[in-house]
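# Fold and contact review
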Amino acid sequence: MADETAPALAIEGGPRAHPESWAMRPSVAPATDDSPVRVLEAEFAAGLGLDPSAVIALASAADARRWALQVAVPGRTELVLPALGATAWVSAAQGAGLTVVPAETDSDTAAISARGFSTAASP
């Protein structure tokens, strides 16, 4: 049953829902810098009050995980990860050349349990 007190829709001759004109789309031009990625890194670092060398722009989250593992675990060959739910980290570890060792997870937290880590970890 139609609501007799509701105003008519715009398609039926009623008022427009957005009577003002829409904002113009900003113009976008190609970058003229030699390295727009370096400019982005420098501006991001400046916004955080960091040295520009402290910021690295990567193409994806997968690249970031792979790079983080290569830096965080140099010289290591194995990485203990939860047996469930760590698919992205498993892919990153394999991309970084690490062997993934699955560990038992705690049923309440889905994190690696102490028993799972002690069982999976090698010297």
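Now for a look at the structure at hand. Every residue gets a number counted from 1 within its own chain, in the order that chain's sequence is written. Per-residue local features are limited, in this predicted model, to residues with pLDDT of at least 70; the limit for side-chain atom pairs, both in listing and counting, is 80 or more; totals at the level of whole chains, interfaces and linings are taken over all residues. Side-chain metrics rest on all non-hydrogen atoms present in the structure, leaving aside hydrogens and water.

### Focus on the overall build of the protein chain
Starting at the N terminus, helices and strands are each numbered in turn, a helix being any DSSP run of H or I of at least four residues and a strand any DSSP run of E of at least two. From N to C terminus, the protein chain includes 4 helices and 2 strands. Ordered by position in the sequence, the α and β elements of the protein chain form the string α-α-β-α-β-α. This radius of gyration counts C-alpha atoms alone. The globule rule is 2.2 Å times how many residues there are, raised to the power 0.38. Computed over the C-alpha atoms, the radius of gyration of the protein chain is 26 Å, more than 25% above the 14 Å expected from 2.2 N^0.38 for a compact globule of 123 residues. With a 1.4 Å probe rolled over the protein chains alone, any residue whose accessible area is under 20% of its type maximum counts as buried; one over 50% counts as exposed, and the rest are partly exposed. Across the 123 residues of the protein chain, 14% fall into the buried class. Charge convention: Lys and Arg are scored as positive, Asp and Glu as negative, and His as well as the terminal groups of each chain are ignored. By convention, charge coordinates are those of NZ in Lys, CZ in Arg, CG in Asp, or CD in Glu. Of the side-chain charges in the protein chain, 7 are positive and 14 negative, and the distance between the mean point of each set is 9 Å.

### Considering the side chain of E41
Mapped onto the elements, E41 comes out in helix α1 (residues 36–48). The class of E41 is buried, set by a relative accessible area of 6%. Contacts are assigned to residue pairs that have any heavy atoms within 4.5 Å of one another. Ignoring any residue separated from it by four or fewer positions in sequence, one finds E41 in contact with V55, I56 and A57.

### Side note on the packing of aromatic side chains
Any Phe, Tyr or Trp ring, taking Trp's six-membered ring, that has another such ring centre within 6.5 Å forms a pair; planes under 30 degrees apart are called stacked, those over 60 apart edge-to-face, and the others tilted. Per the stated rule, a full pass over the model turns up 0 aromatic pairs. Lying across the ring of W89, R65 places its NZ or CZ 6.0 Å from the centre. The criterion for a charge sitting over a ring is simple: Lys NZ or Arg CZ within 6 Å of the ring centre, and within 35 degrees of the ring normal.

### A short note on the nonpolar core
In this text, buried Ala, Val, Leu, Ile, Met, Phe, Trp, Tyr and Cys residues form a nonpolar core when linked through side-chain atoms within 4.5 Å. Within the largest apolar cluster, 7 residues are counted, these being L69, L79, L81, A86, A92, A93 and L98. Put simply, the parts of the chain that give this core at least two residues each are β1 (78–82) and α3 (87–95). Setting aside anything within four residues of it in sequence, one finds L81 in contact with A86, W89, V90, V100, V101, P102, A103 and I112.

### What to know about the packing of helix α2 (residues 61–72) against α3
Axis definition: a line fitted to C-alpha atoms, limited for helices to the stretch in contact. Angles are taken between N-to-C directions and run from 0 to 180 degrees. Across the interface, α2 lies against α3 with an axial gap of 8 Å and an inter-helix angle of 55°. As judged from the angle between their axes, α2 and α3 are oblique. Here α2 and α3 pass one another in a crossing that is right-handed. The residues of α3 that touch α2, namely those facing R65, R66, L69 and Q70, are A88, W89, A92, A93 and G95. Of the residues that constitute the contact of α2 with α3, the class distribution is 5 nonpolar, 2 polar and 2 charged. Should an angle fall under 35 degrees it is called roughly parallel, over 145 degrees roughly antiparallel, and 65 to 115 degrees roughly perpendicular, with every other angle called oblique. For a crossing to be left-handed, the near helix must be turned anticlockwise from the far one by less than a right angle; the clockwise case is right-handed. Think of it as three bins: nonpolar holds Ala, Val, Leu, Ile, Met, Phe, Trp, Tyr, Cys and Pro, charged holds Asp, Glu, Lys and Arg, and polar takes everything else, Gly as well.

In short, geometric facts, not functional conclusions.
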